[in-house]
Structure formats: structure tokens, C-alpha cells
Amino acid sequence: MCLAVPGKIISINNADPLFLLGEVDFGGVRREVNLSCVPEAQIGDYVIVHVGMALSVLQEDEALKIREDMRHIVENSAPIESND
């Protein structure tokens, strides 16, 4: 299973249009993300990110709903027990 996480674009580095990078905030954690697949993305937009690559632009309400759903899943899941 793959996991993609929504984040908000804080800044964009336009130095190389073939390798477009941006700083994306994931609820307080900021990471550099490749924005090459979403060249239309702007500062302030939300994107869905998988392994450091933004896959698509999301509406803010959709991104915030996904974050809330993910938070709910984590808070209501039992810990995974080790077989050690």
C-alpha cells in the first residue's frame, strides 16, 4: 500500500523548470518536494505528495479533510505489536 499526504506549498524554487522544487508544510513539518508534475501549482496551494513528489493540486477543504481523516485514523488505531 502507498501513502500520499497533503501539504501546503510555502515556497517555490523556479531555478530549473525541469526539476521544480518547493518547500511544503505538512502540518508543522516542512520538506523539500519535487513539483515537476504540478507546474501549475502556486505558493499557498495544497498538493498531495508521495515519496517527495507532488502528484496533484488539491482544493484546501479537500486537503484539510484528508488531514483530519488521517489524524482520526492514527488516534483511534491500536498500536502495532512486535513479534520479537
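In the block above lies the structure referred to throughout.
A short tour of the structure in this document, coming up. Not measured: the values here are computed from a predicted model.

Rules behind the numbers
- Residues numbered from 1 in each chain as written.
- Predicted model: local features only at pLDDT ≥ 70, side-chain atom pairs only at ≥ 80, totals over all residues.
- Heavy atoms only, no water.
- Core = buried A, V, L, I, M, F, W, Y, C linked by side-chain atoms within 4.5 Å.
- Buried < 20%, exposed > 50% of the residue type's maximum accessible area, 1.4 Å probe, protein only.
- Helix = DSSP H or I, 4+ residues; strand = E, 2+ residues; numbered from the N terminus.
- Contact = heavy atoms within 4.5 Å.
- Pairing = 2+ DSSP bridges.

## Some points on the nonpolar core
In terms of nonpolar packing, the biggest core is built from 11 residues, these being I9, L20, V24, F26, V33, L35, V38, A41, V47, V49 and A54. Sorting the residues of this core by element identifies β2 (21-26) and β4 (46-50) as the ones contributing at least two each. Those residues within four positions of V24 in sequence are excluded, and the remaining contacts are G7, K8, I9, I10, V29, R30, R31, V33 and V47.

## Some points on the pairing of β4
Buried residues dominate β4, accounting for 4 of its 5 residues. As defined by bridge partners, strand β1 (residues 5-13) adjoins β4 across 4 bridges and the pair is classed as antiparallel. Directly across from P6, in β4, lies its bridge partner I48. Note that β4 and strand β5 (residues 53-58) share 5 bridges and pair antiparallel. Among the inter-strand pairings, H50 is bridged to a residue of β5, identified as M53. Adjacent in sequence and paired antiparallel, β4 and β5 are bridged by 2 residues, among which V51 carries a positive phi angle near 45°.

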